[in-house]
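# Topology and contacts: notes
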Amino acid sequence: MTARVQLPTVRGRQTEAAMDAAARNVVARKGILATTVADIAAEAGRSTASFYNYYDSKEAMVRDWALRFRDEARHRARAAAEPGLSNAERAHAAAAAHWNTYRHRLAEIISVSQLAMINDDFAQYWADICALPIALITAMVEDAQRQGFCAGDDPKLVAVALVSMLNQFCYSQLSGDGAATADDDACITTLANIFYRTIYHKEAA
């Protein structure tokens, strides 16, 4: 995927930003499969034709979104890989990174994950997006095993299971009207506790 050239005029950039914000609002409520270009234009208070000044299709729009989501997810994930953290702090950082990425990029996540079910290109985008937290958590499990925790577990399978849980939890809490009511601190703490207990446990003697 490559980013589009930014529109040259201030007014053009403002109109594109308004259309983009409208699209994100509609998709967060309805999902990308149920969203039409007419829905997006109506939310933005502009004509349907104006949408096509910026995107060839709603799928093209989501391709642009996927770039932004991938880059932000990569940046946020670095927090859990910082040296010098305790195990509990690392678990909390990983959980917070996942939650905050969903919080700020919910429309992108919904769009890419839903289109992945019907489009091979988006299936690959989704696989690429998930590969980052899976790799991070796999490394965390391997490090935990060197400390004597979660002996015998398959690090990558643990990572896949945790990422699947994180994805579903964040989606269920933030989709629809959830974004306005979800308690960020409570949700991150819950995820961090599950994360910590999954990785940093030892079998009873």
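### Structural notes on the overall build of the protein
For the protein, the helix and strand inventory stands at 10 helices and 0 strands. For the C-alpha atoms alone, the extent of the protein along its principal axes is close to 70 × 35 × 30 Å. Residues classed as buried in the protein amount to 43% of the 205 residues present. Summarising the internal contacts of the protein: among those between residues at least 6 apart in sequence, 69% fall at separations of at least 24. When the accessible surface of the protein is summed, it comes to about 10600 Å², and 52% of that surface belongs to carbon and sulfur atoms. Computed over 21 positive and 24 negative side-chain charges, the separation of the two mean positions in the protein equals 5 Å.

### A closer look at the nonpolar core
With 61 residues, the main nonpolar core has M61, V62, W99, W126, I137, F195 and I199 as its most contacted residues. Taken together, the elements giving at least two residues each to this core come down to α1 (10–30), α2 (37–44), α4 (58–77), α5 (87–104), α6 (106–115), α7 (120–146), α8 (155–174) and α10 (184–199). If one sorts the elements of this core by residue count, α7 sits on top with 11 residues.

### Structural notes on the confidence of the model for the protein
The predicted model of the protein averages 87 in pLDDT, with 94% of residues at 70 or higher. When pLDDT is averaged over each helix and strand of the protein, the minimum, 76, is found for helix α9 (residues 178–181) and the maximum, 96, for α10.

Here is what the cut-offs are and how they apply
- Residues numbered from 1 in each chain as written.
- Predicted model: local features only at pLDDT ≥ 70, side-chain atom pairs only at ≥ 80, totals over all residues.
- Heavy atoms only, no water.
- Helix = DSSP H or I, 4+ residues; strand = E, 2+ residues; numbered from the N terminus.
- Buried < 20%, exposed > 50% of the residue type's maximum accessible area, 1.4 Å probe, protein only.
- Contact = heavy atoms within 4.5 Å.
- Areas by Shrake-Rupley, 256 points an atom, 1.4 Å probe, with all protein chains shown as cover.
- Lys, Arg positive; Asp, Glu negative; His and termini not counted.
- Charge placed at Lys NZ, Arg CZ, Asp CG, Glu CD.
- Core = buried A, V, L, I, M, F, W, Y, C linked by side-chain atoms within 4.5 Å.
- pLDDT = per-residue confidence, 0-100.

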